[in-house]
Amino acid sequence: MKQQKYTHSFCQNKGVRFLLGRILFSLLFVCYLPIRTDAKSILLKNLDYKNTKLKRLRKEIFHNLRYSKNSNFRKRNSPYPLRYYRYIVKDKEKFFFIMARTGTNLETLASVNSLSSPHDIYKGMSLLIPNMRGSYYHSKKKVNLKKLAALLRINRASIQLDKKNRKVFVLGKPLSRKEKSFFYGFAFRNPLPNGRISSKYGSRVDPFTKKKTFHGGVDIAAKKGTPVFAAAAGKVILAKRKGGYGKLVIIKHKLGYETRYGHLDKILVKKKQKIKKGQKIGKVGATGRATGPHLHFEVRRFQKRQKPVFAKHL
């Protein structure tokens, strides 16, 4: 009798009922959570075809690829949940070699690693390689995954939430024409076509300290007053003197890109001004930390420096 009384009072307790209700709600909510990525990436020590982890990666990629393209296959199978493998680039390994060995494609490697061109690959770089081909869906607003699937006319399981990176990965999604133009270097024109390259992107000896440093752009030498042109269309977000850059213009472009034009003698544009590709924005100078008249040109994507690549290579 005592036990029955205890049970009855236990169930009548409002606090306990509330707690049980919250637990039940949480369990139901978990059942409807979108597919998430694994918290940790899997390290690939090498790209040898005998590597069991590489074999598994390729197997998952081709399974998911078949899922995205074959409706009959989708009826009988489910995609592998999105997860990442990580690979440290070795000496002399190129973008397309890594792409072929892992079984992924251009869109996937470029999107996931925010690469602006195949030339961004370097020794010691840590690359994330997902177990499916596709790319991120970029949106400034919170994405309703069910509505996005309907918009893209694809199966809901083909859209997976990368919760760790707060991004939405779409299985089989190609890069847009604009993204490909940036990646292959067709989006940017040479800002100083009649100039001479005096210092390339990458490791160099600093002209002031005489020590080996990393040069995050290219220096293009030309006579003082030579016109400087916008490498791509965009909007001016800075047009003033800034530290070692001297007189600097920064133009913001689509897809997280920006270009920087430093050491100018004169600035011919204003902040918030919309700029067309090839528009004159300034004149070559030697302001700031410079040894002589030249243009310091940088390309950045999401604030990460990229190797400048043009339709007509430097």
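Residues numbered from 1 in each chain as written. Predicted model: local features only at pLDDT ≥ 70, side-chain atom pairs only at ≥ 80, totals over all residues. Heavy atoms only, no water.

Q: Please clarify how the sheet that holds strand β4 (residues 134-137) should be interpreted in this entry.
A: Strands in a sheet are paired, the pairing made by backbone hydrogen bonds, and the direction either parallel or antiparallel. Reading across from one edge, β4-β6-β5 is the order of the three strands in this open sheet, with antiparallel pairing throughout. The sheet is open, and its two edges are formed by β4 and β5 (159-162), each paired on a single side. Strand-to-strand, the axes of this sheet are offset by a mean angle of 30 degrees, without reference to chain direction. As paired elements, β5 and strand β6 (residues 167-171) share four bridges and run antiparallel to each other. Within β6, the residue paired with Asp162 across the bridge is Lys167. Each of β4, β5 and β6 is contacted by helix α7 (residues 145-152), which is oriented at about 140 degrees to β5, the strand it contacts most. (Pairing = 2+ DSSP bridges. Helix = DSSP H or I, 4+ residues; strand = E, 2+ residues; numbered from the N terminus. Axes fitted to C-alpha atoms, helices over the stretch in contact; angles between N-to-C directions. Contact = heavy atoms within 4.5 Å.)

Q: Honestly, α7 in this entry has me stumped. Any pointers?
A: Given 3.6 residues per turn, any residue in an α-helix points the same way as the ones three and four places further on. All of the buried residues in α7 are Leu145, Leu148 and Ala149. Down the axis of α7, the smallest arc covering the buried residues is 100 degrees, so these residues share one side. Of the exposed residues in α7, those oriented more than 90 degrees away from the buried face are Lys146, Lys147, Ala150 and Leu151. Downstream of α7 by one or two residues, Arg153 has phi in the positive range, about 60 degrees. (Buried < 20%, exposed > 50% of the residue type's maximum accessible area, 1.4 Å probe, protein only. Arc of directions from axis to C-beta.)

Q: What am I meant to see in the packing of aromatic side chains here?
A: Each pair of aromatic rings is reported with the distance of its centres and the angle of its planes. Under the criterion given, the structure shown has four aromatic pairs. Ring geometry for Phe95 against Phe96: centres 5.0 Å apart, planes inclined by 85 degrees, an arrangement best described as edge-to-face. A residue is classified by how much of its surface remains accessible, and Phe96, at 40% relative accessible area, is partly exposed. Plain terms: the ring middles of Phe188 and Tyr257 are 5.9 Å apart, the flat faces sit at 70 degrees to each other, and that makes the pair edge-to-face. Within this pair, whereas Phe188 is found in the loop between α8 (177-183) and β7 (196-199), its partner Tyr257 is found in strand β14 (residues 257-267), the two being separated by 69 residues in sequence. A relative accessible area of 3% means that Tyr257 is categorised as buried. Directly above the ring of Tyr49 sits Arg101, whose terminal nitrogen or CZ lies 4.3 Å from the centroid. (Phe/Tyr/Trp six-rings, centres within 6.5 Å; stacked < 30°, edge-to-face > 60°. Lys NZ or Arg CZ within 6 Å of the ring centre and 35° of its normal.)

Q: Even after reading the chapter, I still don't get the nonpolar core, so can you show me in this structure?
A: Where a protein is soluble and globular, its nonpolar side chains tend to be buried together. Core analysis: the biggest nonpolar cluster contains 25 residues, and Phe188, Val228, Ile251, Tyr261, Ile281 and Phe297 have the highest contact counts within it. Excluding anything up to four places from it in sequence, Val228 contacts Pro191, Leu192, Tyr261, Leu264, Gln279, Lys280, Ile281, Gly282, Lys283, Val284 and Leu295. Leu47, Val89, Leu115 and Phe183 belong to the second-largest nonpolar core, a separate cluster that totals 22 residues. (Core = buried A, V, L, I, M, F, W, Y, C linked by side-chain atoms within 4.5 Å.)

Q: Is there a simple way to explain empty space enclosed by the protein in this structure?
A: The method is simple in principle: a probe with the dimensions of a water molecule rolls over the atoms, and the space it marks as empty is what remains. The final tally for this structure, using the stated rule, is two cavities of 30 Å³ or more. Put simply, the largest cavity is a space of about 90 Å³. In terms of lining residues, the largest cavity is bounded by eleven residues, among which Ala110, Leu115, Leu175, Glu179 and Arg301 are the most central. Counting only elements with at least two residues in the lining of the largest cavity, the list comes to α6 (106-112) and α8. In terms of residues, the lining of the largest cavity owes the most to one element, α8, which gives three residues. (1 Å grid on protein atoms, 1.4 Å probe; cavity = no way out; pocket = protein on both sides within 12 Å on 5 of 7 lines; lining within 4 Å. Points joined across faces, edges and corners; volume = space filled by probe spheres on them.)

Q: Help me out: how do you make sense of the environment of Lys90 in this one?
A: Relative to the helices and strands, Lys90 resides in the loop between β2 (84-88) and α5 (95-102). Note on Lys90: relative accessible area 37%, which makes it partly exposed. Through-space distance from the C-alpha of Lys90 to that of Lys123 is 5.0 Å; in sequence the pair is 33 residues apart. The residues contacting Lys90, other than those within four sequence positions of it, are Lys45, Asn46 and Lys123. Polar side-chain contacts of Lys90 include one of 2.7 Å to the backbone oxygen of Lys45. (Polar contact = N/O pair within 3.5 Å; in protein donor to acceptor, adjacent residues only side chain to side chain.)

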